[in-house]
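# A look at the structure
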Amino acid sequence: MIYYSIISEQLGSSDYEKMYMKLSAFLPDFRRKKAESIIPAKERAVSALSFVLLCYALYNEYPHRFPTKNTASICKLINFSYDKNGKPYLSVPYDDIFFNISHCHTAIACAVAPFKIGVDIQDIRHPSPAVLKRFPAAMDDMSFSKLWSRYEAYTKLTGEGITKSLAGCDYMSEMFLKDSNAGIITSPIFYDASCHTVNDTISSNTTNSSNTTNSNNIITQKKTAAFLSAAFHNNIQISNSNPPYTQDSLISSDDYMLLNTDDIIYVDLSCLCDIALF
């Protein structure tokens, strides 16, 4: 599942500073050190909130292993390990649970799954001329932001980082995803979370330009805050039963999408803070 929260535009630096001071007491040392290396108050608080969102997702998806949603309690159970590219993973005994975190100016997101996953949430923004040179064709701000979120989600899945030229690997193309045995879902995230039900999924085996155009018209009218993308491999096995997983319950994912936009869950920011301080 993929969880996200909208970051309020009404809060100022002093609000975020107070928020961080309250949350920091519940963070593990390794996460607190990372947050405190960030100078802007908002970004520091967002770093803390991202970890709280991870704890909330773990509790929701794996209640038999994380029986309380209390952030401080979960913090005592988990630690991070890192691969050669610096991508974080949960350490033993939770190394069978995969996660990925992303945040932008307007939102934070966290994906938790029994398979490797990459997630990115991207503000609607205008690309620089240098960035546009990496794209195979000219595009408007909306199209750029959507494609860039897919690009980052895929590179976070593989751990490669933003190194590839988009001219050589168009992550919206059927051919690229098929060759990579990958799937990517993309959904608009609206300032009004109740409006996020527009189905803007782009699967691993279909791309419909007319549907994308119509969806973009609706997106514009509803004041899109960001685009959220999640990437995953399709040539894996996952469990079709509730945890704990057994070999007998594993099924192939070759013939269906592991995720869709119904797997995107909104968490109100104030509720997230309350959960952390519970």
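Criteria and cut-off values
- Residues numbered from 1 in each chain as written.
- Predicted model: local features only at pLDDT ≥ 70, side-chain atom pairs only at ≥ 80, totals over all residues.
- Heavy atoms only, no water.
- pLDDT = per-residue confidence, 0-100.
- Helix = DSSP H or I, 4+ residues; strand = E, 2+ residues; numbered from the N terminus.
- Contact = heavy atoms within 4.5 Å.
- Pairing = 2+ DSSP bridges.
- Axes fitted to C-alpha atoms, helices over the stretch in contact; angles between N-to-C directions.
- Buried < 20%, exposed > 50% of the residue type's maximum accessible area, 1.4 Å probe, protein only.

### What to know about the confidence of the model for the protein
- The share of residues in the protein with pLDDT of 70 or more is 73%, and the mean pLDDT across the chain is 76.
- Confidence, read as mean pLDDT per element, is least for strand β10 (residues 250-252) in the protein (34) and greatest for strand β5 (residues 107-113) (95).
- This stretch, residues 195-220, has a pLDDT under 50; its non-local contacts, to residues over four places away or in other chains, come to 55 contacts.
- Under a pLDDT of 50 for its full length, residues 239-256 has, in the predicted model, 30 contacts with residues more than four places off or in other chains.

### Things to note about the sheet that holds strand β7 (residues 182-190)
- Taken in spatial order, the 3 strands line up as β6-β8-β7 in an open sheet, and their pairing is antiparallel. Edge positions in the open sheet fall to β6 (117-123) and β7, since each of these has one partner strand only. Averaged over all neighbouring strand pairs, the angle between strand axes comes to 15°, with direction disregarded.
- Where β6 and strand β8 (residues 224-233) come together, 7 bridges link them in antiparallel fashion.

### Details of the pairing of strand β1 (residues 2-6)
- Counted residue by residue, β1 has 5 buried out of 5 residues, so it is predominantly covered.
- Neither face of β1 is left uncovered, since the one carrying Ile 2, Tyr 4 and Ile 6 and the one carrying Tyr 3 and Ser 5 both have all their residues buried.
- In this sheet, β5 lies alongside β1 in antiparallel orientation, the contact comprising 5 bridges. When the sheet's bridge partners are listed, Ile 6 is paired in β5 with Ala 107.
- Strand direction decides the pairing type here: β1 and strand β11 (residues 264-266), joined by 3 bridges, are parallel. Note that in β11 the partner of Tyr 3 across the bridge is Ile 265.

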